[in-house]
Amino acid sequence: MLVRVAKFIAACGCWRRALISAWALVAICGASLLSVEVLSAAEPSAGDLEFFEKQIRPLLAQHCYECHSGASKKIQGGLRLDGSAAWLAGGDTGPAVVPGDPDKSLLVWAVRYADSDLEMPPRGKLPPEVIQLFEQWVARGAPAPAEIVEATTAKRTFDLAAGRQFWCYRPIVAPPLPQPNDARWAASPIDRFIRVGQEAGGLTPNAEADRATLVRRLYFDLLGLPPTPEEIDGFVTDGAPDAYERLVDRLLASPHLGEHWGRHWLDVARFGESLTLRGFIWPNAWRYRDYVIAAFNDDEPFDRFVRQQIAGDLLAASSLADRQWQLIATTFLALGNTNLEEQDKRQLDMVVVDEQLDTIGKALLGQTIGCARCHDHKFDPIPTRDYYALAGILRSSKLLDHANVSKWVEVPLPLPPEEEAPFAQREAELAAAQAQSDKLTKVIPLLTKAVDSFAPLPAPKIAIEDLSGIVVDDSRAKKVGEWKDSHRSQPYLGAGYVHDDNDGKGEKTISFEPTLEKDGRYELRFAYSPGANRAAEVPVTIFSADGERTIAINERTTPPIEGRFVSLGEYNFEAAGQSLVLVSNEGTRGHVTADAVQFLSVDAAAKKADDSPVAAELENQKQLDRYAETKAGLEAALAEKADLQRRIKELRAAPQRPTVMSVVERPDAGDAAIHVRGSVHALGEVVPRGFLQVASLVTVPTIPAGQSGRRELAVWLTSPTNPLTARVWVNRVWHWLFGQGLVRTTDNFGATGERPSHPELLDHLAGRFVDQGWSTKTLLREILLSRTYRLASSESAEALARDPENRLLWRMNRRRLEAECLRDAMLVASGQLNATIGGGTIRPGTKADYGYQDRDTRRGVYVPVFRNAPNELFDAFDVADPSLVVGRRETSTVATQSLYFMNHPFVHEQAQAAAQRMLADRTLTDDDRLRSAFRWSLGREPTLSERRMTTEAVSVMSTSPERRVAAWTMLWKTLFASLDFRYRD
Amino acid sequence: MFDSAPSRRDFLRATACGFGSLAFSGLAADSCAKGAEELPHVVPRARRVIFLFMQGGVSHVDSFDYKPRLEQDDGKRMPFDDARQRANTGAGDSPQRVMKSPWKFQQYGASGRWISELFPETARHADNLCFLHGLHTEGVAHGPSTLFLHCGATDFIRPSIGSWIFYGLGSENENLPGFVSICPSAGNGGARNYGSAFLPARYQGTALGKAGLPAKEATIRNLTNSSVAPEEMRRQLDLLQRLNTEQRGRYAHDSQLEAAIRSYELAWRMQLTAPGVLDLAGESAETHALYGIGEKATDNFGRQCLMARRLCESGVRYVQVTYGDNTANPAWDQHSDLPMHAQHARAVDKPIAGLLEDLARRGLLQDTIVWWGGEFGRTPYAQQNGTGRDHNPGGFTVWLAGGGFKPGFAFGQTDEFGHQAIAGKVHMHDLHATILAQLGLDHERLTYRYSGRDFRLTDVYGNVVREVIG
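Treat the numbers as computed from the prediction; the structure is a model and nothing was measured.

**Remarks on the overall build of chain A**
Thought 1: Summing up its helical and strand segments, chain A has 35 helices and 26 strands in all.
Thought 2: Along the three orthogonal principal directions, the C-alpha set of chain A runs to about 130 × 110 × 55 Å.
Thought 3: Going through the 985 residues of chain A one by one, you find that 47% of them count as buried.
Thought 4: Put simply, of all contacts in chain A between residues at least 6 apart along the chain, 71% involve residues at least 24 apart.

**Regarding the domain arrangement of chain A**
Thought 1: Each domain of chain A was delimited in the assignment, giving domain 1 (31-153), domain 2 (461-611) and domain 3 (901-984).
Thought 2: Centre-to-centre, using C-alpha coordinates, domain 2 of chain A lies 86 Å away from domain 3 of chain A.

**Notes on the sheet that holds strand β17 (residues 565-573) of chain A**
Residues and elements named next belong to chain A.
Thought 1: Pairing within the open sheet is antiparallel, and its four strands lie in the order β8-β20-β14-β17. The sheet terminates laterally at β8 (470-473) and β17, the two strands that pair on one side only. Neighbour-to-neighbour, the strand axes of this sheet turn through a mean angle of 20°, independent of strand direction.
Thought 2: Pairing of strand β14 (residues 520-527) with strand β20 (residues 596-601) involves six bridges; the strand directions are antiparallel. The partner of Phe-526 across the bridge, within β20, is Val-597.

**Quick word on the sheet that holds strand β13 (residues 509-512) of chain A**
Residues and elements named next belong to chain A.
Thought 1: Taken in spatial order, the five strands make up an open sheet running β9-β13-β18-β15-β16, and their pairing is antiparallel. In this open sheet, the two strands that pair with only one neighbour each are β9 (478-480) and β16 (547-553). Direction aside, the axes of adjacent strands within the sheet are offset by 20° on average.
Thought 2: By the bridge criterion, four bridges tie β13 to strand β18 (residues 580-584) in an arrangement that is antiparallel. Residue Ile-510 lies in a different strand from β18, and its bridge partner there is Val-583.

**Quick word on the domain arrangement of chain B**
Thought 1: Here the domain parsing of chain B yields domain 1 (1-38) and domain 2 (45-224 + 282-468).
Thought 2: Each of domain 1 of chain B and domain 2 of chain B has a C-alpha centre, and the two are 34 Å apart.

**Re the nonpolar core**
Grouped burial of nonpolar side chains is what soluble globular proteins tend to show.
Thought 1: Residues Leu-52, Ala-308, Val-319, Trp-371 and Trp-399 of chain B are the most contacted members of the largest nonpolar core, which totals 294 residues.
Thought 2: For Leu-52 of chain B, the contacting residues outside a window of four places in its chain are Val-321, Ile-352, Val-370, Trp-371 and Trp-372 of chain B.
Thought 3: Counting 34 residues, the second largest nonpolar core, distinct from the first, contains Leu-493, Phe-526, Tyr-528 and Val-583 of chain A.

**A short note on the interface of chain B and chain A**
Thought 1: Each side of the interface is counted separately: chain B has 78 residues, and chain A has 76 residues.
Thought 2: Within the residue set of the side of chain B that touches chain A, elements represented by two or more residues are α4 (83-89), α6 (142-151), α8 (230-248), α9 (255-278), β16 (421-423) and β19 (453-456) of chain B.
Thought 3: Among the elements that make up the side of chain B that touches chain A, the one with the highest residue count is α8 of chain B (10 residues).
Thought 4: Here the residues of the side of chain B that touches chain A are counted per class, giving 35 nonpolar, 27 polar and 16 charged.

Basis of the calculations
- Residues numbered from 1 in each chain as written.
- Chains lettered and ligands numbered in written order.
- Predicted model: local features only at pLDDT ≥ 70, side-chain atom pairs only at ≥ 80, totals over all residues.
- Helix = DSSP H or I, 4+ residues; strand = E, 2+ residues; numbered from the N terminus.
- Buried ≥ 20, exposed ≤ 12 C-beta atoms within 10 Å, placed from the backbone.
- Contact = placed C-beta atoms within 7 Å.
- Domains from an automatic or database assignment.
- Pairing = 2+ DSSP bridges.
- Axes fitted to C-alpha atoms, helices over the stretch in contact; angles between N-to-C directions.
- Core = buried A, V, L, I, M, F, W, Y, C linked by C-beta atoms within 7 Å.
- Nonpolar A, V, L, I, M, F, W, Y, C, P; charged D, E, K, R; others polar.

This is the structure:
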């Protein structure tokens with residue numbers, strides 16, 4: 001049995017160094033051997049066998065056995081082709097051969113190259129005659145000699161009960177408090193667990209660190225900031241017995257705590273603000289950063305914190321603010337650095353799910369769930385079924401809207417009614433405008449076609465001299481107010497027409513005054529440019545010998561006479577009297593247009609009527625009317641569309657409703673099928689949605705039909721009986737304080753991770769954590785108040801020999817500061833730190849992250865996390881890769897770090913500012929300045945030799961008053977670059 | 001009390017170099033790791049790689065994969081199984097208009113390789129090149145395929161091939177980074193294409209400049225300091241090192257502190273040496289001319305190629321030279337205007353020929369792998385009936401030179417249109433495995449334990465293409 005397990009593991013390729021843990025040994029290899037007799041009814045004839053031996057066996061050996069036989073270095077796809085039982089049972093994708101049915105035999109499909117996902121042999125298609133041989137062979141019933149070959153690779157079944165024996169899946173049970181011999185040393189429960197370990201290891205712990213060390217340690221560990229010299233002195237000189245406790249409490253209440261501890265969580269949450277693909281910016285990711293910071297400042301219970309991030313959009317909320325926060329929390333699900341350009345969108349959807357599962361697994365459960373995507377987990381009791389049970393939940397929420405380059409989902413941030421109203425109003429208007437514009441887009445081509453079909457078209461422009469009578473064009477009219485010239489709508493008379501721009505109502509008039517040579521009776525005709533956006537009641541007043549008369553003209557309709565004129569009636573005029581037609585825009589709504597006024601002598605009009613046959617004139621008139629009407633309709637449509645487009649542009653330019661990166665429940669929420677070998681093109685059995693069985697120690701929540709199950713996932717993750725979530729979190733907290741977790745592989749509690757150094761302490765902390773309402777601050781406080789935390793970090797040759805890695809915590813680990821702390825500490829020393837909390841920090845107008853340079857002096861947590869343009873200091877000093885779950889950062893030592901401190905302008909600028917600040921204070925002596933520089937940068941006084949060296953270096957350089965700034969800048973740079981600056985003891 | 005399963009690498013560090021060796025990461029770890037892992041696994045044929053990345057996808061049927069059938073059927077509509085359509089809709093064959101190459105092909109050298117008039121200079125080296133005509137890869141769009149080319153995965157976060165090789169073999173010059181990417185593109189995965197992902201950060205590629213900026217300006221970040229005179233800087237460094245030595249005293253067993261002190265000296269030496277390596281001024285006028293430096297069309301890429309040679313000569317393990325840009329349709333991506341290929345070919349042809357010539361003259365070609373190629377090829381038919389070609393991951397050509405590959409050799413073929421690889425198929429995983437093999441690395445054994453499993457460049461795939469190894 002054991003040999004078979006080992007063989008199985010060895011055969012599975014990607015993991016060569018199999019760590020077979022206890023549970024794996026008891027796993028059952030449940031494959032049954034299929035006998036040839038059962039499956040092939042008839043004995044093969046001699047001819048069949050000869051066909052196989054002569055034609056097929058050599059082909060199999062030549063083309064297939066490298067990967068599909070017992071002789072293979074490893075068996076690919078779980079398929080062997082060196083025996084009939086093996087090919088009948090098939091591999092991962094099912095039986096390879098269906099005797100008698102070539103079209104149903106995957107072997108034949110594969111050699112035909114009919115399916116691009118299954119082409120064999122992979123190096124190139126076989127010649128057609130060879131493919132035919134395979135087809136013939138299968139058609140003949142796939143005859144082969146009765147060799148017995150192990151039917152298939154062993155199928156492992158999971159023994160959950162055995163799997164649950166592994167330490168991390170066992171229930172969290174409060175262990176009894178140990179009794180160390182040195183009871184006085186170990187006052188707190190934490191110290192008792194630690195002390196018994198030390199005693200067992202024969203270790204004497206260090207003494208407590210001195211106060212200056214402790215205050216710097218607490219500041220960096222809790223706030224990520226250095227204490228100022230005053231703050232150091234305040235604690236060092238505080239003689240009260242509870243001085244340390246009060247300092248801890250003060251720092252736990254600081255709003256900067258959330259910035260530092262929030263940053264820790266952002267490492268785990270693979271927080272970024274752009275995608276490497278094309279450097280797309282996520283303009284709203286910062287809301288999530290602020291949410292995380294606030295959650296730590298408010299000591300949001302960790303279980304709620306988790307539930308909000310998994311299913312905040314689905315949880316009940318007691319207030320609008322809660323709803324906002326909960327929704328923002330779900331950005332967690334959307335932070336993967338995904339390749340939105342993947343063309344196979346089914347594949348892309350599964351990649352998204354895999355990324356989410358991988359993150360949830362590592363971040364919250366310390367499990368490498370992703371390993372079970374293609375096959376059952378090799379080392380941990382996570383079957384592929386569990387993977388797809390969880391995948392079904394995540395797949396049921398939409399993260400992307402698909403297009404060539406898919407787009408992440410942003411949903412509106414819920415707002416209070418007074419803020420909501422203007423957005424809603426604008427959105428409604430925008431929707432209506434867009435709908436109307438879309439409608440016009442369809443109508444305009446139809447109208448254009450209709451207009452074009454009138455033939456022949458009347459001349460679009462009519463020369464004045466072609467008209468009879470006396471014509472006064474708008475160009476010669478007297479205008480009051482601003483009238484705009486236009487040529488847009490044809491036809492028009494003379495040089496165009498004018499309009500009032502639908503503005504300045506009541507302030508504009510235009511008067512047409514003819515030069516009449518003789519008294520007489522005239523018919524007046526008014527020409528205007530019609531359209532749908534025109535005014536319907538334009539007051540036109542005629543001043544004649546008959547007096548004054550005002551007529552309302554509807555400019556929305558086509559002028560009845562030749563499509564150009566409307567008759568104003570007949571009037572008597574005296575050559576010497578007042579003769580004018582005045583068009584006003586008073587009281588009008590819509591554009592008022594005016595083109596010309598024609599004075600036709602009544603006799604002349606009569607004469608003209610005599611000139612043409614009545615019938616033809618009428619027909620022509622009708623035609624012209626229809627034309628004019630259509631034409632006017634088209635122009636009205638064009639004008640309306642232009643107006644709409646302008647408005648749409650305005651509306652779009654207006655401040656947009658705040659949105660949040662999130663997910664949306666899919667209407668087709670449901671179970672997912674197992675993807676054989678992780679391929680979206682090879683679907684297997686559909687698995688009901690659910691959770692990791694091995695970590696489900698009591699009944700699990702049921703997922704209601706039609707819902708994704710995220711809410712239930714959130715509940716399952718944070719159930720007090722979930723053995724993983726609390727353990728993983730308290731271990732993370734321990735890691736961030738001590739520089740190494742009780743389980744050092746913070747993101748992997750599985751068989752391939754490390755075991756806890758102090759399993760009982762871990763359970764003690766996890767149990768208390770849950771009992772005390774998942775309060776991270778309470779947990780922090782208990783650890784910080786322990787003696788273990790307060791130990792000095794100094795070396796002890798004896799202890800180093802016994803426990804070089806300090807697993808038993810006989811001293812505090814000396815920890816290199818995180819990159820952000822280095823940056824913030826320089827800004828504190830230079831006095832340049834801008835301590836503003838929260839808000840978006842990406843420079844407005846940033847279109848892509850390429851080459852982005854942050855120029856802010858706010859804390860490091862606010863530097864935009866751009867995946868193509870990491871901050872140089874952060875990049876050099878092992879900032880978390882924003883595309884991966886990072887529970888513990890590396891601490892590499894590379895030359896780029898030194899180059900940064902020697903040459904980067906940021907360091908120079910901070911050093912110079914610090915130097916200038918100190919030189920500006922005339923009350924200080926140079927020795928004061930020196931000591932102050934050490935205290936601001938390293939949190940301590942210089943040693944005697946440090947003092948000597950630096951004093952000398954500064955005085956050598958200070959050859960002139962001007963050189964003093966350079967000399968002190970050099971000193972500050974050197975301090976920033978020195979070892980003690982980057983470590984906390 | 002506790003049992004631990006340290007990562008393989010950690011284990012090796014501890015055993016090979018003793019306690020605290022971890023702290024030397026980036027400085028001494030390379031050499032000690034090499035011994036411990038018995039790397040390279042086999043006797044290497046090559047020691048370094050220059051990858052000439054033709055971003056956007058060069059059309060193989062217009063360059064190195066001659067297909068007379070395209071002339072014969074030019075303009076005909078015929079069914080093709082289009083990769084994009086298959087990915088988008090799952091549909092198979094669709095009618096496409098066959099489009100012949102606008103460029104003439106002729107045979108070159110004793111090997112008689114067919115090469116188009118796009119690459120007359122490279123063609124003179126035909127007898128040094130080893131063509132792989134049956135390449136195929138994953139992804140249809142630039143984003144996925146570019147990542148696959150570099151990292152062996154279309155989407156999952158994985159280390160770049162340069163990082164793997166640097167991790168496996170270390171650097172031959174501790175004053176320079178072991179993996180350099182000259183003028184990398186910011187697009188289509190950007191920094192991920194030369195990133196170390198979960199490998200230790202020191203194995204990430206060092207970018208020299210970036211696409212879109214003149215190669216003249218490409219340098220290592222923070223290498224120089226304009227605000228402080230060199231002698232002053234040395235004085236500052238001396239003071240710093242005296243302080244550091246004193247500060248170190250309290251933690252005598254912490255070797256990480258020693259490493260940090262050494263890293264300052266290393267940085268200092270880098271400041272002194274790297275600018276010299278990157279400065280092309282010392283090269284003869286003849287060499288400049290060889291690379292086309294000084295000629296408008298070829299100056300930029302010529303500089304990149306010459307810089308690559310100088311870096312390799314100085315011991316850099318893996319140099320990538322990118323001909324590309326930062327757009328969504330990078331350089332060679334001629335969807336609608338195939339004749340634009342001529343402009344790109346003009347820019348790279350002479351510099352590439354110059355590089356091959358120069359490497360050969362200096363005796364470097366024999367143990368340097370020069371790898372030329374893009375993320376995929378292009379279709380033999382016109383895209384949407386226009387004058388360009390769409391992406392084709394199903395079959396395309398890359399060529400290799402030096403490094404023990406068979407010179408004047410061609411392996412594999414596409415169908416008669418040049419659409420799908422049909423024989424001698426080489427998947428991108430296979431190419432990766434083969435390049436590693438030439439460096440003495442077994443792609444199945446070059447692994448890194450992360451997140452509970454041993455990862456490798458080729459995932460669970462990849463076969464070394466023995467046929468192309470001389």
